[in-house]
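Each chain, letter by letter, is given below.
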Amino acid sequence: MKTKGTSGSAPGKHRGSGRSEGNRGNSNSKGKKEVPAWMAGLPVQIGQQYEAEIIGISHDGEGVGRVNGFTLFVAGALPGERALVRVEHLKKQYGYAGLVELLAVSPDRVSPDCVIYDECGGCQLQHLSYEAQLRVKRQQVVDNLVRIGKLAVAGEPTNGRTGENGDEEQGQGIVVHPTLGMTDPWRYRNKAQVPFGEERGGLIGGFYAQGSHRIIDMEACLIQHEANDEVVARVKEIGSRLGIRAYSEETGSGLLRHVVVKVGFRTGEVMVVLVTNGVVIPRVEEWVAGIREALPAVKSICHNINVRQTNVIFGDETRVLWGSEVIYDYIGEVKFAISARSFFQVNPVQTEVLYGKALEYAALTGGETVVDAYCGIGTISLFLAQRAGQVYGVEIVEEAISDARKNAELNGMTNVHFEAGPAEVVLPEWTRQGVRPDVIVVDPPRKGCDPALLATILELRPRRVVYVSCSASTLARDLRVLVDGGYGVAEVTPVDMFPWTVHVESVVLLESKV
Ligand code: SAH
């Protein structure tokens with residue numbers, strides 16, 4: 001695929017962990033500063049260099065290194081590599097080290113395609129080949145199931161990992177399938193939120209340098225749809241021509257804070273949102289004319305006002321400057337309206353893969369009652385409603401529920417019922433009203449399911465539970481509860497929703513054993 005990184009240098013994400021600050025006084029200080037006794041007793045010392053064997057990859061994408069039995073996280077190093085590292089920061093059980101030199105290079109190492117990869121915090125795995133990423137993501141799910149969930153996982157021939165954990169459980173345990181990846185893992189995002197600033201009198205727009213709020217100008221983000229780059233480039237030109245000032249976080253002055261771009265992959269429709277620190281955009285007619293002329297795909301130009309000193313992007317008020325209030329896109333056959341503020345999955349291609357798997361696991365035949373807990377704007381609910389008798393969706397954010405209802409209407413679906421509230425409260429209410437789900441789908445935020453919701457699931461005992469998860473650790477914790485309550489984990493499929501980043505989603509099928 002790409003050219004391999006060469007040894008003798010430290011390619012990709014090697015700028016250190018940024019965690020060295022706290023111990024700076026201790027390093028190389030030749031006894032001037034006291035090294036605490038616990039630190040002096042560790043097998044590695046701050047400021048010293050060591051040869052590390054990299055044996056894994058952390059959930060942040062750092063290499064997990066071993067030196068004299070001690071664990072050091074090494075940004076930029078990959079499993080299977082050997083590296084010279086310099087210790088930057090120590091805790092009692094582990095530490096962080098910078099990559100000085102690679103001594104043995106992984107065959108999975110590639111040189112990142114993106115020119116700003118080292119500076120930007122957006123992607124963490126561009127130095128790892130895509131196939132290897134998919135393997136690593138699957139392994140993270142497996143490791144969490146084993147370590148946190150204490151669940152037996154079947155040995156996987158596709159995985160090929162041997163060693164510590166071994167694969168003794170061949171033929172037994174939970175089947176974790178290979179990660180479902182993208183055929184083309186670039187340009188997959190449909191939403192960009194680009195901070196704007198000024199440099200030498202002109203507008204710049206790009207990203208915050210890793211771990212800071214310094215804006216770095218950017219021409220292209222390779223995981224964004226091309227339209228996003230195009231819109232941002234034109235807005236910079238138009239804004240500079242019209243003499244608009246960018247907002248400064250330091251002084252609180254200036255107008256343009258962010259430009260948010262949304263793209264309907266299937267429809268080609270584009271929305272541009274100018275987020276400003278003030279109610280009035282000077283020469284607003286010229287803005288609208290400029291954007292319309294340069295970007296014919298734009299169907300909606302909105303203005304969001306955010307005068308607060310905060311790093312939350314949107315303020316409360318959104319106005320339509322020109323065109324439609326929403327753009328549309330599809331997931332499968334289901335149509336969705338996307339407004340400036342509404343949540344929509346950012347990788348529409350893989351969302352279809354993820355929900356397709358959820359639908360397959362739900363095994364609907366047409367008459368079932370289904371609950372979709374944590375339903376957001378109803379994406380999964382509507383997807384399932386195509387094959388179910390009745391779907392009940394619950395979500396804590398009122399605005400999302402109002403979007404969900406509109407989306408049901410947009411698709412002429414009458415067999416869905418949405419309610420705003422905590423899932424752990426609403427599900428028992430539905431139960432009291434006589435709702436008896438055959439299938440419950442959960443898609444909780446990173447913190448996982450509320451224990452009360454899991455208890456209700458165990459009481460209701462639907463035949464199938466489909467768990468869609470964005471955090472393998474809380475997934476493993478919750479699966480343990482469901483397994484102890486009499487469910488069996490039938491299979492797990494990791495899905496790569498965010499190529500080149502460390503995030504991994506999975507879909508799990510649980511079946512009641514009683
Ligand atoms: N299934 C949706 C969204 C999943 S994200 C989709 O695929 O688009 C998780 C959602 O859970 C968020 O929308 C969040 O607002 C919601 N949420 C968080 N805590 C909740 C709770 N206690 N009860 C119901 N919904 C909750």
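Residues numbered from 1 in each chain as written. Predicted model: local features only at pLDDT ≥ 70, side-chain atom pairs only at ≥ 80, totals over all residues. Heavy atoms only, no water.

Per an unreviewed UniProt entry, the protein chain is named 23S rRNA (Uracil(1939)-C(5))-methyltransferase RlmD, and its organism is Paenibacillus plantarum.

**Observations regarding the pairing of strand S21 (residues 487-495)**
In plain terms, the rule: Accessible area is worked out with a 1.4 Å probe on protein chains only. A residue is then buried under 20% of its type maximum, exposed over 50%, and partly exposed in between. Put simply, DSSP marks the helices as runs of H or I at least four residues long and the strands as runs of E at least two long, and each gets a number from the N terminus on. A pair of strands is considered paired only if DSSP assigns at least 2 bridges between the two.
Taking burial as the measure, the 9 residues of S21 include 7 buried ones, the bulk of the element. With 2 bridges connecting them, strand S6 (residues 175-176) and S21 associate as parallel partners. Across the sheet, residue Val175 finds its bridge partner in S21, namely Glu491. Sheet topology places S21 next to strand S22 (residues 505-512); 8 bridges connect them, and they run antiparallel. Counterpart to Tyr487 in the pairing with S22 is Ser512.

**Quick notes on the sheet that holds strand S9 (residues 215-217)**
Selection rule: Between N-to-C directions, angles cover 0 to 180 degrees, with each direction set by a line fitted to C-alpha atoms, over the stretch in contact for helices. Here, two residues are considered to be in contact whenever any of their heavy atoms come within 4.5 Å of each other.
Read across the sheet, 7 strands follow the order S9-S8-S7-S10-S11-S12-S13 without closing on themselves; strand pairing throughout is mixed. With one partner strand each, in any of the chains shown, S9 and strand S13 (317-323) form the two edges of the open sheet. Neighbour-to-neighbour, the strand axes of the sheet open up by a mean angle of 35 degrees, direction not taken into account. Here strand S7 (residues 191-199) runs beside strand S10 (residues 256-263); their pairing, made up of 5 bridges, is antiparallel. The residue bridging Ala192 from the neighbouring strand is Val261, located in S10. Sheet strands touched by helix H3 (residues 226-242): S7, strand S8 (202-208), S9, S10 and strand S11 (270-276). Its angle to S8, the strand with the most contacts, is close to 145 degrees.

**Thoughts on the packing of H3 against helix H4 (residues 284-294)**
Let me state the cut-off plainly: With the far helix as reference, a near helix turned anticlockwise by less than a right angle produces a left-handed crossing, and one turned clockwise produces a right-handed crossing. The nonpolar class holds Ala, Val, Leu, Ile, Met, Phe, Trp, Tyr, Cys and Pro. Asp, Glu, Lys and Arg form the charged class, and all remaining residues, Gly among them, are polar.
Close contact between H3 and H4 brings their axes to 10 Å; oriented N to C, the two are set at 145 degrees. Regarding H3 and H4, the two cross each other, and that crossing is right-handed. Across the interface between the two elements, Arg234, Val235, Ile238, Gly239 and Leu242 from H3 touch Glu286, Trp287, Gly290, Ile291 and Ala294 from H4. Taken together, the residues of the contact of H3 with H4 break down into 6 nonpolar, 2 polar and 2 charged.

**Concerning the UniProt feature "domain: TRAM" (unreviewed entry) in the protein chain**
How we decide: UniProt positions are given in the numbering used here, feature names are shortened, and annotations may be inferred rather than shown by experiment.
According to UniProt, the "domain: TRAM" (unreviewed entry) feature falls on residues 43-101. Along residues 43-101, the helical share is 0% and the strand share 61%, with 21 Å between the first and last C-alpha atoms.

**Overview of unusual backbone geometry**
Notably, Ala363 is not glycine yet its phi reads approximately 45 degrees, a positive angle. Mapped onto the elements, Ala363 comes out in the loop between helix H5 (348-362) and strand S16 (369-373). A relative accessible area of 35% means that Ala363 is categorised as partly exposed. Notably, Tyr374 is not glycine yet its phi reads approximately 65 degrees, a positive angle. Assignment of secondary structure puts Tyr374 in the loop between S16 and helix H6 (379-385). The class of Tyr374 is buried, set by a relative accessible area of 18%.

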